[in-house]
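What follows is each chain in one-letter form.
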Amino acid sequence: MTEPGAPLRLVIFDFDGTLSDSGNWFLSIMDHLSDRYGFRRIHPDEIEPLRRKSTRDVISHLAIPRWKLPFISRYVRRLFGRNTHQVQLFEGVADMLAAIEAAGIDIAVVTSNSEANARAVLGRENAARVRWWACGASLFGKAPKFRKVLKVSGIPPHEALSIGDETRDIDAARATGVRAGAVLWGYANPEAFAHLDPDIAFATPQAVIDHVTSAKMDG
């Protein structure tokens, strides 16, 4: 967790469900994925309950063998790359990134998606605000990507804030000593990570701006 009075010098963003509103697109391909990789289809009545589950619990519920996850992830990245035009940023994200950059705070993106896909959805101007990219993380392999960003940036963990919408984002922050922030506008229901007690939760991108600029001033 960020030490009292420590300056905030780095914000590490998740991409899908945090910057990009890609939840509906992922849902739209689930039947195709279940048929291709042989796991359970999602019944419409299950969608909301599954939003309250952790990533690990969703995988267990759908009976997806762990060994298939890397193959599914690579295939989904390829599909996403062909359909980036169908995915938009959440409202307020562009202003949020601009405000963080203007405050003199570095931005990193750590995602299971590819850098090319993230750049395509962000657009040239927003992508240019990102100083470090650590993409193609395995489903539960974000912590090593966090460590990579911290190493190349030279910024200590207690001066960094992670912002994501899934339990695995909070897990990665906890594993690396980075402050864990959770957004309430993503695909996952806040109930899914409430028990993990993130250091701070953000209802809107403006709330991120308010916190980050305040933390910069305090530092």
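Worth saying up front: this structure is predicted, and the values here are computed from it rather than measured.

**Notes on unusual backbone geometry**
Positive phi values are uncommon outside glycine, yet Ala63 reaches one of about 55°. Among the secondary structure elements, Ala63 is positioned in the loop between α4 (55-61) and α5 (69-82).

**Here's the deal with the nonpolar core**
One broad rule of soluble globular proteins: the nonpolar side chains tend to lie buried together. If you look at the biggest cluster of nonpolar residues, it comprises 49 residues, and the most contacted ones within it are Phe13, Leu19 and Ile100. Element by element, the count of residues in this core is highest for α5, at six residues. The residues contacting Phe13, other than those within four sequence positions of it, are Thr18, Leu19, Met96, Leu97, Ile100, Ile107, Ala108, Val109, Val110 and Ile163. Among the nonpolar cores identified, the runner-up in size contains 18 residues, and Trp132, Phe146, Ile155 and Ala172 belong to it.

**Some thoughts on helix α9 (residues 167-176)**
Of all 10 residues that make up α9, seven are buried, and the element is covered over most of its length. Along α9, the residues classified as buried are Thr167, Arg168, Asp169, Ile170, Ala172, Ala173 and Thr176. One or two steps after α9, the chain reaches Gly177, where phi turns positive at roughly 80°.

**Observations regarding helix α8 (residues 142-153)**
Compared with an ideal rise of 1.5 Å per residue, which puts 12 residues at 16 Å, α8 spans 16 Å between its outermost C-alpha atoms and is within 8% of the ideal. All buried positions along α8 are accounted for by Lys142, Ala143, Lys145, Phe146, Val149, Leu150 and Ser153. Buried residues of α8, seen end-on, are gathered within an arc of 160° and therefore sit on one face of the element. Away from its buried face by more than 90 degrees, α8 exposes Lys151 and Val152. For α8, the secondary structure elements touched by its buried residues are β1 (10-13), β4 (106-111), β5 (132-135), β6 (160-164) and α9. Directly beyond the C-terminal end of α8, a positive phi value near 75° is found at Gly154.

**Considering the packing of helix α2 (residues 30-37) against α5**
At a minimum axis distance of 12 Å, the contact between α2 and α5 shows a crossing angle of 140°. With respect to each other, α2 and α5 are oriented oblique. Every pair of crossing elements has a handedness; the one defined by α2 and α5 is right-handed. Between α2 and α5, the residues in contact are His32, Leu33, Arg36 and Tyr37 and Phe71, Ile72, Tyr75, Val76 and Leu79, respectively. A per-class count over the contact of α2 with α5 returns seven nonpolar, one polar and one charged.

Parameters at a glance
- Residues numbered from 1 in each chain as written.
- Predicted model: local features only at pLDDT ≥ 70, side-chain atom pairs only at ≥ 80, totals over all residues.
- Heavy atoms only, no water.
- Helix = DSSP H or I, 4+ residues; strand = E, 2+ residues; numbered from the N terminus.
- Core = buried A, V, L, I, M, F, W, Y, C linked by side-chain atoms within 4.5 Å.
- Buried < 20%, exposed > 50% of the residue type's maximum accessible area, 1.4 Å probe, protein only.
- Contact = heavy atoms within 4.5 Å.
- Expected span 1.5 Å × (residues − 1).
- Arc of directions from axis to C-beta.
- Axes fitted to C-alpha atoms, helices over the stretch in contact; angles between N-to-C directions.
- Parallel < 35°, antiparallel > 145°, perpendicular 65-115°, else oblique.
- Left-handed = near helix turned anticlockwise from the far one by under 90°.
- Nonpolar A, V, L, I, M, F, W, Y, C, P; charged D, E, K, R; others polar.

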